[in-house]
Amino acid sequence: LDVVFTPTAAQTYTGNLTINSNLHNHPTITIPMTGTGFLDNAPVAEDVCIQGPPVEFQILTGSYEYSDPDGDEEGDSVYAWYRIVDGVDEYIEYSTESTYQLQAEDTGKQIVFEVTPYDCHGMPGETVRSQPIGPIENVPPPRNLSAVVENMNTVILTWEPPQRYDRGFVGYRVFRGGLNVSTITDPNLLTF
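Quick caveat, the model's predicted, so the values are computed rather than measured.

Student: Where do I start with the overall build of the protein in this structure?
Tutor: For the protein, the count of helices and strands is zero helices and 13 strands. When the helices and strands of the protein are listed from N to C terminus, the series reads β-β-β-β-β-β-β-β-β-β-β-β-β. The C-alpha atoms of the protein give 30 Å as radius of gyration, which overshoots the globular expectation for 192 residues (16 Å, by more than 25%). Overall, the protein is about 110 × 35 × 35 Å in size when its C-alpha atoms are taken along their principal axes. Relative to its 192 residues, the protein shows a buried fraction of 29%. Surface summary for the protein: the accessible area is close to 12,700 Å², and the carbon and sulfur share equals 51%. Of note, the protein has its 8 positive side-chain charges centred 20 Å away from the centre of its 27 negative side-chain charges.

Student: Just checking my understanding: could you explain the pairing of strand S13 (residues 179-184) for this structure?
Tutor: Note on strand geometry: in a regular strand, side chains alternate between the two faces of the sheet. Inspection of the sheet shows strand S12 (residues 172-176) paired to S13 by five bridges, in the antiparallel sense. Its bridge partner lying in S13, Arg176 is registered against Leu179. Remark: two residues form the turn of the hairpin made by S12 and S13, two consecutive strands paired antiparallel; Gly177 in that turn has positive phi of roughly 60°.

Student: Just checking my understanding: could you explain the pattern of salt bridges for this structure?
Tutor: For side chains bearing opposite charge, pairing can occur when the charged atoms are close. Scanning all chains against the criterion turns up four salt bridges. Its salt-bridge partner being Arg83, residue Asp106 comes within 2.6 Å of it at the nearest N-O pair. Residue Asp106 is located in the loop between strand S7 (99-101) and strand S8 (110-116), and its partner Arg83 is located in strand S5 (residues 78-85); the two are separated by 23 residues in the primary sequence. Its relative accessible area of 0% is what places Asp106 among the buried residues. The residue Glu160 makes a salt bridge to Arg143 at a minimum N-O spacing of 3.9 Å. Taken together, the positions of Glu160 in strand S11 (residues 154-160) and Arg143 in strand S10 (residues 143-150) put the pair 17 residues apart, joining distant regions of the chain. Residue classification places Glu160 among the partly exposed positions, given a relative accessible area of 34%. What you see here is one network of salt bridges that share partners, running through Asp89, Glu114 and Arg129.

Student: How should I be thinking about the sheet that holds strand S9 (residues 128-129) in this particular structure?
Tutor: Either a parallel or an antiparallel arrangement is found when strands of a sheet pair, and the pairing is made through backbone hydrogen bonds. Strand order in the open sheet formed by four strands is S6-S5-S8-S9, with antiparallel pairing between adjacent strands. In the strand order of this sheet, the two ends are held by strand S6 (88-91) and S9, each with one partner. Pairing of S5 with S6, which is carried by four bridges, proceeds in the antiparallel orientation. Bridge pairing in S6 places Ile84 opposite Asp89.

Student: Hey, could you run me through the layout of surface pockets in this one?
Tutor: Where empty space is left becomes clear once a probe the size of a water molecule has been rolled over the atoms. A volume near 530 Å³ is recorded for the largest pocket. Lining the largest pocket are 25 residues, with Pro142, Tyr172, Arg173, Val174 and Phe175 sitting closest to its centre. Of all elements in the fold, only S11, S12 and S13 reach the threshold of two or more residues within the lining of the largest pocket. Counting residues per element, the lining of the largest pocket draws most heavily on S12, at five residues. The residue makeup of the lining of the largest pocket, split by class, is 18 nonpolar, five polar and two charged.

Analysis parameters
- Residues numbered from 1 in each chain as written.
- Predicted model: local features only at pLDDT ≥ 70, side-chain atom pairs only at ≥ 80, totals over all residues.
- Heavy atoms only, no water.
- Helix = DSSP H or I, 4+ residues; strand = E, 2+ residues; numbered from the N terminus.
- Rg over C-alpha atoms; globule rule 2.2 N^0.38 Å.
- Buried < 20%, exposed > 50% of the residue type's maximum accessible area, 1.4 Å probe, protein only.
- Areas by Shrake-Rupley, 256 points an atom, 1.4 Å probe, with all protein chains shown as cover.
- Lys, Arg positive; Asp, Glu negative; His and termini not counted.
- Charge placed at Lys NZ, Arg CZ, Asp CG, Glu CD.
- Pairing = 2+ DSSP bridges.
- Salt bridge = Lys/Arg side-chain N within 4 Å of Asp/Glu carboxyl O.
- 1 Å grid on protein atoms, 1.4 Å probe; cavity = no way out; pocket = protein on both sides within 12 Å on 5 of 7 lines; lining within 4 Å.
- Points joined across faces, edges and corners; volume = space filled by probe spheres on them.
- Nonpolar A, V, L, I, M, F, W, Y, C, P; charged D, E, K, R; others polar.

Spelled out as structure tokens, the structure:
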């Protein structure tokens, strides 16, 4: 190509692509070309953080502020989630969305969200990670459990729902001496 340029703004450029060949009838092939050149500065992800309760089976959401010095819209930014095991960040397989549902294997560990911002032209920015959250807790027990004895043989239990837990919550199990004496399948029922 016999045109060399360094664009400073969006400009249209024309030139010729010259190919030297070993073809007998065509020792030189010239192809006219036209194109637009422009600068594309890398986008930036700032204020990367995680929102949501650090409780197993709950959903966490990674969030960040996207900006681009050229004013370009955000493209297909890349996301990843990591769990910290013995001080080492381990990639969580298939965690490529901005949300992540915590798993049992996350319990007791910290979680990190990572984003690599891309603009609409496919230009990547610097990869940025959130501060870790956690450690991730087990499903919490009911709050404010109290017992009242009635008629010498009856104990009435009352409680409030667990704090910071809402996804997939289906009820309660009541134990006496380590044995399950009842399963309550209505999470709105707060007495036994």
